[in-house]
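Survey of secondary and tertiary structure
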Amino acid sequence: MDSFGRVATDLRISLTDRCNLRCTYCMPAEGLDWMPRDEQLTDAELMRLVTIAVRDLGVHELRFTGGEPLLRKGLEDLVAASAALEPRPDISLTTNGIGLARRAEALAAAGVDRLNVSMDTLRPERFATITRRDRLQDVLDGLAAARAAGLHPVKINSVLLRGQNDDEACDLLAFAVEHGYELRFIEQMPLDAQHGWERSEMITAGEIMEKLSARFTLTPDGEERGGAPAERFLVDGGPARVGVIASVTRPFCGACDRTRLTADGQVRSCLFARTETDLRALLRGGATDAEIADTWRIAMWGKLAGHGIDDPGFLQPDRPMSAIGG
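Quick notes on the rules
Residues numbered from 1 in each chain as written. Predicted model: local features only at pLDDT ≥ 70, side-chain atom pairs only at ≥ 80, totals over all residues. Heavy atoms only, no water. Pairing = 2+ DSSP bridges. Helix = DSSP H or I, 4+ residues; strand = E, 2+ residues; numbered from the N terminus. Buried < 20%, exposed > 50% of the residue type's maximum accessible area, 1.4 Å probe, protein only. Patch = residues over 30% accessible without salt bridge, like charges linked within 9 Å, V, L, I, M, F, W, Y side chains within 5 Å. Areas by Shrake-Rupley, 256 points an atom, 1.4 Å probe, with all protein chains shown as cover. Salt bridge = Lys/Arg side-chain N within 4 Å of Asp/Glu carboxyl O. UniProt positions renumbered as here; feature names shortened; annotations may be inferred. Contact = heavy atoms within 4.5 Å.

Description of the sheet that holds strand β10 (residues 258–261)
Strand pairing in a sheet is mediated by backbone hydrogen bonds. Such pairs are either parallel or antiparallel. Judged by pairing direction, the sheet is mixed, and its 12 strands sit side by side in the order β7-β8-β9-β6-β5-β4-β3-β2-β1-β10-β11-β12 without closing on themselves. The open sheet terminates on both sides in strands that have one partner only, identified here as β7 (218–220) and β12 (277–278). As judged from the four bridges shared by strand β5 (residues 154–158) and strand β6 (residues 182–186), these two strands associate in the parallel manner. Its bridge partner being in β6, Ser158 is matched across the sheet by Phe185.

A word on the pairing of strand β9 (residues 241–245)
Taken across its five residues, β9 has four buried, putting it largely inside the fold. Sheet analysis places β6 next to β9, joined by four bridges and oriented parallel. Among the inter-strand pairings, Leu183 is bridged to a residue of β9, identified as Val242. Pairing of strand β8 (residues 231–235) with β9 involves four bridges; the strand directions are antiparallel. Looking across to β9, one finds that Leu234 is bridged to Arg241. The antiparallel hairpin formed by β8 and β9 contains five residues in its connecting segment, where Asp236 sits at a positive phi of about 50°.

Comments concerning a nonpolar patch on the surface
Together, Met1, Val7 and Trp301 give the surface a local cluster of nonpolar side chains, amounting to about 340 Å² of exposed area. Among the structural elements, Trp301 can be located in helix α9 (residues 289–301).

Some thoughts on the UniProt feature "binding site: S-adenosyl-L-methionine" (unreviewed entry) in the chain
Per the UniProt record, the feature "binding site: S-adenosyl-L-methionine" (unreviewed entry) sits at Tyr25, Gly67, Ser118 and Met189. Positionally, Gly67 belongs in the loop between β2 (61–65) and α2 (75–83). Residue classification places Gly67 among the partly exposed positions, given a relative accessible area of 23%. Contacts of Gly67, omitting those with residues within four sequence positions, involve Ser14, Thr16, Asp17, Arg18 and Ser322. Note that Ser118 resides in strand β4 (residues 114–118). Judged by relative accessible area, Ser118 falls into the partly exposed class, the value being 31%. Beyond its immediate sequence surroundings of up to four residues, Ser118 is in contact with Thr94, Thr95, Asn96, Val139 and Asn157.

Describing the side chain of Asp10
By secondary structure assignment, the location of Asp10 is in strand β1 (residues 10–14). Judged by relative accessible area, Asp10 falls into the buried class, the value being 6%.

Laid out in structure tokens, this is it:
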């Protein structure tokens, strides 16, 4: 619990800061200075922290992220070990879809319940421009494989970029509806490594809704949102749904239920936090599970009321998104 009464039950776990795409709004073409391997948590260290979170701290949702989590060796073993915990947590994965086609079945068997695939365009040439890699077909194959493996729902995360793909909003939704995926549009956030984000260039939730309403009838789905980041709407009366995550223009900080663990063992109380709490040092320094749990509780107690993007003194986190985990 934090000092504002919010209870963190959803743990976002970054498995690596490495990625096999180079999306223009995330990192430069040459990539980043990746985290040294010896600074990353080992599988045993990671599972000890996950166990403490689930067993002692009331976490009941786990989401594995990156960078790109499929680049983490032994991912299926980490998922299986997490699924064996009591009480059994809900397990999800956020991926760019590269390599998912050949691993979706194994991931489902290991215990992944559902996943999100990042895809911003349906046009191969645009995909290559945005990601600097010509891999759209791999992503489409990964989506189909996830659906065939019985993962449900399969969600698509899309960021609209002004002048680049913002004319595809309706096409992306039509594709998702046709294939049984749930599309979620995400406002671009100030988490790029280049610190080049400008609010005036961001496609807002209002603009997204306006674009979609030109072709579809959208009505609130009527379900309790709770701590979920997406506002969800029925598409043409349902059952298909679309979500809009308006982190910037319609922040949902007051209902946030997340705590975050980086690949090098730092706890972050917020995606935009400027401070971290080092659990890796405790792990490697001989701390007990109880001491680690207490440190984690103290870290979350200090969580701020909101991310502060609209504050005049707002500063981006030092870590880019790829090193924090979505």
